[in-house]
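Examining the three-dimensional arrangement
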Amino acid sequence: MTAKKYLQTEHKIQLEDIDPDALVVLDVLRGHGFTAYLVGGSVRDLLLGYKPKDYDISTNALPEQVKRLFSGCFLVGKRFRLAHVRIGKKIFEVSTFRSGDNEDDTLIHNDNEWGTEEEDVTRRDFTVNGLYYNNADQTIIDYVGGVEDARKNFLRCIGNPYIRFKQDPVRMIRLLKFRSRFGLTPDEEMIEALFALRTEILKSSPIRILEELLRMLESGSSVPFLKNLQQHGFLETLLPNLAKYFETPHEKEIYTFLTEVDRSILNEDKRPPRRSILVSILLYPIYREIVQDLYDSSPKKAHLGKLQEEAFKLALNSFSPILRITKKILGEVITILSTQYRFTPLQKKKRLICKIPRNRDFSLALKFFKLRTDLEPGLTDIYTEWAYYYDKHKKAEDNGKLPPTSSSRRPRRRRR
Ligand code: ATP
Ligand code: MG
């Protein structure tokens, strides 16, 4: 297959729009006689007019050779071995050209066979993700027709979608991801394959699926993505318990919350909230109902230990039996949800005393409460007061006047 080359005057990507550290990594590799290109998401984003979040690099250098060239480099991944090159706080993923079989529809367990630059792009998922950018002459090297597709806002698989989705069903989630994020029009055959092969997703690693879902919650396009997951039956397949809550009036509230988060990420260029806060958004409306029912039936039962236990059960249940959130996220979600009742107690008449608990995750609960105030401006005064006392508490802690706070723990059984 011959590649089509696009000059800078044709593709219009400006060198200044690329992270200079990514260019350094490319130059070092090339300086040592290797071929090295930007590839994947960053080229696609630049071509579509978005700012890339990260930069992936593809090279003919083997992982160990990359490691020898950079002091801050470590090798990661078993299924897909690659080098992480650290420059300052940034990490650049440097992967070695791989070969791949686009005709064999068996599930890929190990993707570590080295290949040529042409083989490497043809084993990638979508044409817009299969482009190389060569900073040495500022050209785009296109083996798969990705530039034309990007111009037409078209999302197309490299190869036959039925085969490509069977090889790696996570590609179906990625399809919905790129459709939601960039509003690309998907190829019809690809959508047919998606409906036909939906349940194949259950063969994929839950960790990889969860990573794509969490990344999308952080992307600023969480609402269209979740709607796409729902419409194509993936929410039901992957998160059956959570999907049930989306069939109740809670759905509207979850989407209102997420719309606000998406807006602040996209329009105000804010960093996305922490993952535990995003997960808490999905659960909060349901949690509130559970707690209210508990309180209505027996006010005395709604004590902190019980609130934590309910948060724990809900978070665990909503992500099982297929996906599992990490213990760390789980612990933070429990604190975030249960702490909301310090800010807005169940007993409406209760006088508020802003006592800052000795829990490191309290600040996350306060951040979540801030999000609630964005949707319910009536809560702003309460937030301001808590934020004032938290600030004071933090300063005292930083000055060594308070012993450091403990991190959140799973609720323990109460001793009798
Ligand atoms: P994002 O902006 O979310 O990082 P991305 O396309 O860069 O999107 P990555 O997970 O960083 O996604 O992957 C980098 C590149 O690796 C992709 O652009 C694509 O070329 C390739 N790739 C990633 N996942 C797959 C997959 N499951 N199958 C084939 N190629 C993939
Ligand atoms: Mg990427």
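The sections below set out a description of the structure shown in this document. Predicted model, so just to flag it, every value in this text is computed and none were measured.

Definitions and limits used
Residues numbered from 1 in each chain as written. Chains lettered and ligands numbered in written order. Predicted model: local features only at pLDDT ≥ 70, side-chain atom pairs only at ≥ 80, totals over all residues. Heavy atoms only, no water. Near = heavy atom within 4 Å. Polar contact = N/O pair within 3.5 Å; in protein donor to acceptor, adjacent residues only side chain to side chain. Areas by Shrake-Rupley, 256 points an atom, 1.4 Å probe, with all protein chains shown as cover. Helix = DSSP H or I, 4+ residues; strand = E, 2+ residues; numbered from the N terminus. Expected span 1.5 Å × (residues − 1). Buried < 20%, exposed > 50% of the residue type's maximum accessible area, 1.4 Å probe, protein only. Pairing = 2+ DSSP bridges. Axes fitted to C-alpha atoms, helices over the stretch in contact; angles between N-to-C directions. Parallel < 35°, antiparallel > 145°, perpendicular 65-115°, else oblique. Left-handed = near helix turned anticlockwise from the far one by under 90°. Contact = heavy atoms within 4.5 Å. 1 Å grid on protein atoms, 1.4 Å probe; cavity = no way out; pocket = protein on both sides within 12 Å on 5 of 7 lines; lining within 4 Å. Points joined across faces, edges and corners; volume = space filled by probe spheres on them. Core = buried A, V, L, I, M, F, W, Y, C linked by side-chain atoms within 4.5 Å. Salt bridge = Lys/Arg side-chain N within 4 Å of Asp/Glu carboxyl O.

**Considering the site of ligand 1**
- As a matter of local geometry, ligand 1 sits amid 18 residues, with Arg44, Asp168, Arg171, Lys177 and Arg181 nearest to it.
- A distance of 2.8 Å separates a nitrogen atom of ligand 1 from a polar atom in the side chain of Asp168.
- Arg171 places a polar side-chain atom, nitrogen or oxygen, 2.8 Å from a nitrogen atom of ligand 1.
- In isolation ligand 1 exposes 580 Å². Once the protein is present, 88% of that is buried.
- Of all the elements in the fold, those that place two or more residues in the shell around ligand 1 are helix H3 (41–48), helix H8 (170–182) and helix H10 (206–217).
- With five residues, H8 is the largest single contributor of residues to the shell around ligand 1.

**What to know about helix H18 (residues 362–375)**
- With 14 residues, H18 ought to run about 20 Å at 1.5 Å a step, and its terminal C-alpha atoms sit 21 Å apart, in line with that.
- Taken as a whole, H18 has its buried residues at Phe362, Leu364, Ala365, Leu366, Phe368, Phe369, Leu371, Arg372 and Thr373.

**Brief notes about the pairing of strand E6 (residues 90–96)**
- Alignment of strand E3 (residues 56–59) against E6, held across four bridges, turns out to be parallel. Within the sheet, the bridge partner assigned to Thr59 lies in E6 and is Thr96.
- In this structure, strand E5 (residues 82–87) lies alongside E6, joined through five bridges in antiparallel fashion. Note that in E6 the partner of Ala83 across the bridge is Val94.
- Hairpin remark: E5 followed by E6, antiparallel, with two residues in the connecting loop; positive phi at Gly88, about 60 degrees.

**A few points about the packing of H3 against H8**
- The N-to-C vectors of H3 and H8 enclose an angle of 25 degrees; their axes lie 13 Å apart at closest approach. On the basis of their axis angle, the class for H3 and H8 is roughly parallel. Once H3 is placed against H8, the crossing between them reads as right-handed. Along its contact with H3, which presents Arg44, Asp45 and Leu48, the element H8 presents Phe178, Arg181 and Phe182.

**Observations regarding helix H11 (residues 222–231)**
- Where H11 is concerned, the buried positions are Ser222, Val223, Phe225, Leu226, Asn228 and Leu229.
- In the segment just after H11, Gly233 is the residue with positive phi, at about 80 degrees.

**Topic: the sheet that holds strand E4 (residues 73–76)**
- With respect to topology, eight strands assemble into an open sheet ordered E1-E8-E7-E2-E3-E6-E5-E4, the strand pairing being mixed. If you trace the sheet from one side to the other, it starts and ends with strand E1 (4–6) and E4, each paired once. Across the sheet, the axes of successive neighbouring strands diverge by a mean angle of 30 degrees, strand direction being ignored.
- Across four bridges, the pairing between E4 and E5 is antiparallel. Across the sheet, residue Phe74 finds its bridge partner in E5, namely His84.

**Some words on the layout of surface pockets**
- One number sums up the size of the second largest pocket: a volume of about 520 Å³.
- Taken together, 20 residues make up the lining of the second largest pocket; nearest its centre are Lys270, Arg271, Pro272, Pro273 and Lys367.
- If you list the elements that add at least two residues to the lining of the second largest pocket, you get helix H14 (250–267) and H18.
- Top element by residues in the lining of the second largest pocket is H18. It accounts for seven residues.

**Things to note about the nonpolar core**
- In this structure, Phe165, Leu175, Leu226, Leu229, Phe234 and Leu282 are the most contacted members of the largest nonpolar core, which totals 77 residues.
- Those residues in contact with Phe234, other than ones at most four positions away along the chain, are Met172, Ile173, Leu176, Leu194, Arg198, Ile201, Leu229 and Leu239.
- Counting residues in hydrophobic clusters, the runner-up holds 28 residues, among them Ala22, Leu23, Leu29 and Val94.

**Thoughts on the pattern of salt bridges**
- By the definition in use, this model includes 31 salt bridges.
- With a shortest N-O distance of 3.5 Å, Lys313 and Glu310 are connected by a salt bridge. Within this pair, Lys313 and its partner Glu310 are both found in helix H16 (residues 304–318), separated by three residues, close to a single helical turn.
- Note on Lys313: relative accessible area 42%, which makes it partly exposed.
- Several salt bridges share partner residues, and in doing so they unite Asp125, Arg174, Lys177 and Glu212 into one network.

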